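Inside the fold
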Amino acid sequence: MSFASVTFVVFLATVLVLHRALPWRAGRIMLLVASYIFYGAGNPWHCLLLLTSTTINFAAARRIDALPDGRARKAILIVALVATLGLLAVFKYGAFAAGSANTILGALGLPLLPAPEWALPIGISFFTFQALAYTLDVYFGKARSTRSFAELALYVSFFPQLVAGPIERFSKLAPQLREKRLAGPGDMEAGFQRILWGLTKKVVFADRLGLFVDHVYGAPTEAAAAALVVATACFALQVYMDFSAYCDIAIGAARMMGISLTENFRWPMLARNPVDFWARWHVTLGTWFRDYVFTALVGRRRPGTARRLANLVVVMVLVGLWHGPAWHFVAFGLAAGLSIAAYEGIYLFTGRSRAKPLFGGGLLASVSAVLLMHLLGFGLALLFRSPSLADAATIASGVARGGWSFNGLTAGYAAGAAAIWIACVARGAFHERGRRDLSMPAPLRALLWLALLLAILYGAVDTHQQFIYFQF
């Protein structure tokens, strides 16, 4: 069920009414059932996968919590990891693995493996990581296992953030679901406005940018260098507007139920270096990999400089592979990891104080650092959006060949993308200085809501485009 649909509006309104009207014992059951209805709207059979992942981690965490420290607890954790990640591997990476193996088998003249043809369950990576976060936190003593299967099931499947995050921790979300929380008028207004902003960012801006990106990337050999560059910049904005729009709607919908979700973006367009960027972009995924993967790679002993940098690259390659079973995602993760390792290496090898930015702390130095980070971001966006490594090479060579004439379409999208970028940077800088959005009297808020509603109704792109991160 897409957030950008009339069906979801009716669904959310119904849930909100029942949430306020029902006693919480019945309300929690209603919310759990509603979450499964939301997820099963696309394919009801995928609910079995969601239920299986929840069941595995419920049983494993209960057993881990009941055992003293020792090999038995670790063995159960490994079983839970293998079983849960095995489901993810089969349904998301099965075809990719079979295709890669068949390339080798074909070259050797050996029989090929059958390739799976099932549809990828929407959001499987998100709810898999959320379920595993619970079991890992129980194992490491950061949380106690719950005796209520329904409680864990609601934590894993809570519909606002089920399909594309934020990836929440059990210790934050579960306590909010144990008792009835009624949003006050301020939270209802703020949640509603957040939803309107999210829908506007998605259907008016992100989808419109996507039309030009799809047009150029669909036939890169026919596009001039100017169009390729503008399309790549448009995609960098599109994926931010699209993904942050989903999180806006998720956070807004949860807030209208009195529930607080984690902010997943911290104005990434203001990042001054690769480490800063990944601390601002998809925050909950980054902290998941930091807490559960990087920490495991580091181990108990402090690693040497070379090993630490190598671990950073490995983690980012896994982040790239998390996005999808394709080599261009692996290359995306590798490029991101190498950029982080290069930046971290300067400090680790030289002993330079991290309090001193590499380019200095002045305004010109800060602007230069942001612009350099944008250039790196555009390169990562090219790898991320290209259907394959071959297409990425074609686009890169097309840019290198030149051809900087701007036709009307390219110039129009360049101007539009620049306007959106300036607006995002200005608003981000406003927040970075510790300032909040200006409070408005009720009549002005009503006018703002009306303007956003009219933008959604009359400015939305006609062709329906799914949220980009639904595929992950």
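Residues numbered from 1 in each chain as written. Predicted model: local features only at pLDDT ≥ 70, side-chain atom pairs only at ≥ 80, totals over all residues. Heavy atoms only, no water.

The next point concerns helix H3 (residues 46-66). End to end, H3 covers 31 Å across 21 residues, agreeing with the expected 30 Å (1.5 Å per residue, within 8%). Taken together, the buried positions of H3 are occupied by His46, Cys47, Leu49, Leu50, Ser53, Thr54, Asn57, Phe58, Ala60, Ala61 and Ile64. (Helix = DSSP H or I, 4+ residues; strand = E, 2+ residues; numbered from the N terminus. Expected span 1.5 Å × (residues − 1). Buried < 20%, exposed > 50% of the residue type's maximum accessible area, 1.4 Å probe, protein only.)

With that out of the way, let us pick up the side chain of Thr146. Structurally, Thr146 is set in the loop between helix H5 (124-139) and helix H6 (149-157). Classification of Thr146 by relative accessible area gives buried; the value is 6%. A polar contact is formed between the side chain of Thr146 and the side chain of Glu151, at a distance of 2.5 Å. Setting aside residues up to four positions removed in sequence, Thr146 forms contacts with Phe58, Arg62, Tyr134, Glu151, Leu152 and Phe170. (Polar contact = N/O pair within 3.5 Å; in protein donor to acceptor, adjacent residues only side chain to side chain. Contact = heavy atoms within 4.5 Å.)

So, about the nonpolar core. Membership of the largest hydrophobic core comes to 138 residues, with the highest contact counts inside it found for Leu31, Phe158, Phe159, Trp281, Trp288, Phe289 and Tyr469. In terms of residues, this core owes the most to one element, helix H10 (residues 225-255), which gives 19 residues. With residues near it in sequence (within four places) discarded, Tyr469 still touches Phe126, Val163, Ala164, Val239, Asp242, Phe243, Trp281, His282, Trp322, His323 and Phe384. (Core = buried A, V, L, I, M, F, W, Y, C linked by side-chain atoms within 4.5 Å.)

Another point: the layout of surface pockets. Reported here for the second largest pocket is a volume of approximately 790 Å³. Around the second largest pocket, the lining is made up of 27 residues, and of these Leu81, Leu136, Tyr292, Val293 and Ala296 lie nearest the centre. Listed by contribution, the elements that provide at least two residues to the lining of the second largest pocket are helix H4 (71-108), H5, helix H12 (283-298) and helix H13 (305-323). A total of 9 residues in the lining of the second largest pocket trace back to one element, the largest contributor, which is H4. Its residues assigned to classes, the lining of the second largest pocket comprises 20 nonpolar, 2 polar and 5 charged. (1 Å grid on protein atoms, 1.4 Å probe; cavity = no way out; pocket = protein on both sides within 12 Å on 5 of 7 lines; lining within 4 Å. Points joined across faces, edges and corners; volume = space filled by probe spheres on them. Nonpolar A, V, L, I, M, F, W, Y, C, P; charged D, E, K, R; others polar.)

Our next topic: the packing of H10 against helix H15 (residues 363-385). One can describe the packing of H10 onto H15 by two numbers: an axis separation of 9 Å at closest approach and a directional angle of 85 degrees. As the angle between them shows, H10 and H15 are arranged roughly perpendicular. Of the residues in H15, those in contact with Thr232, Ala233, Phe235 and Ala236 of H10 are Phe378, Ala381, Leu382, Phe384 and Arg385. Its residues assigned to classes, the contact of H10 with H15 shows 7 nonpolar, 1 polar and 1 charged. (Axes fitted to C-alpha atoms, helices over the stretch in contact; angles between N-to-C directions. Parallel < 35°, antiparallel > 145°, perpendicular 65-115°, else oblique.)

Applying the stated rule across the entire model yields 32 aromatic pairs. With 4.7 Å between their ring centres and 55 degrees between their planes, Tyr134 and Phe170 make a pair best called tilted. Linking Tyr134 in helix H5 with Phe170 in helix H8 (residues 170-177), this pair joins segments that are 36 residues apart in sequence. Overall, the relative accessible area of 4% leaves Phe170 in the buried class. Their ring planes at 40 degrees and their centres at 6.3 Å tell us that Tyr240 and Trp281 sit as a pair that is tilted. With Tyr240 in helix H10 and Trp281 in the loop between helix H11 (274-278) and H12, this pair connects stretches of sequence that are 41 residues apart. Given a relative accessible area of 8%, Tyr240 falls into the buried group. Here the aromatic cluster, defined as three or more aromatic residues joined through ring pairs, consists of Phe235, Tyr240, Phe243, Phe265, Phe277, Trp278, Trp281, Phe329, Phe332 and Phe384. (Phe/Tyr/Trp six-rings, centres within 6.5 Å; stacked < 30°, edge-to-face > 60°.)

Once that is clear, we can look at the pattern of salt bridges. Per the stated rule, a full pass over the model turns up 13 salt bridges. Between Lys202 and Asp242 there is a salt bridge; the shortest N-O distance is 2.7 Å. On the criterion of sequence distance, the pair formed by Lys202 in helix H9 (residues 185-218) and Asp242 in helix H10 is long-range, its members being 40 residues apart. Residue classification places Lys202 among the buried positions, given a relative accessible area of 1%. Of the charged contacts in the structure, one is a salt bridge between Glu344 and Arg308, with a shortest N-O distance of 3.6 Å. Separated by 36 residues along the polypeptide, Glu344 in helix H14 (residues 327-350) and Arg308 in helix H13 bring together distant segments of the chain. By relative accessible area, Glu344 is classed as buried at 6%. (Salt bridge = Lys/Arg side-chain N within 4 Å of Asp/Glu carboxyl O.)

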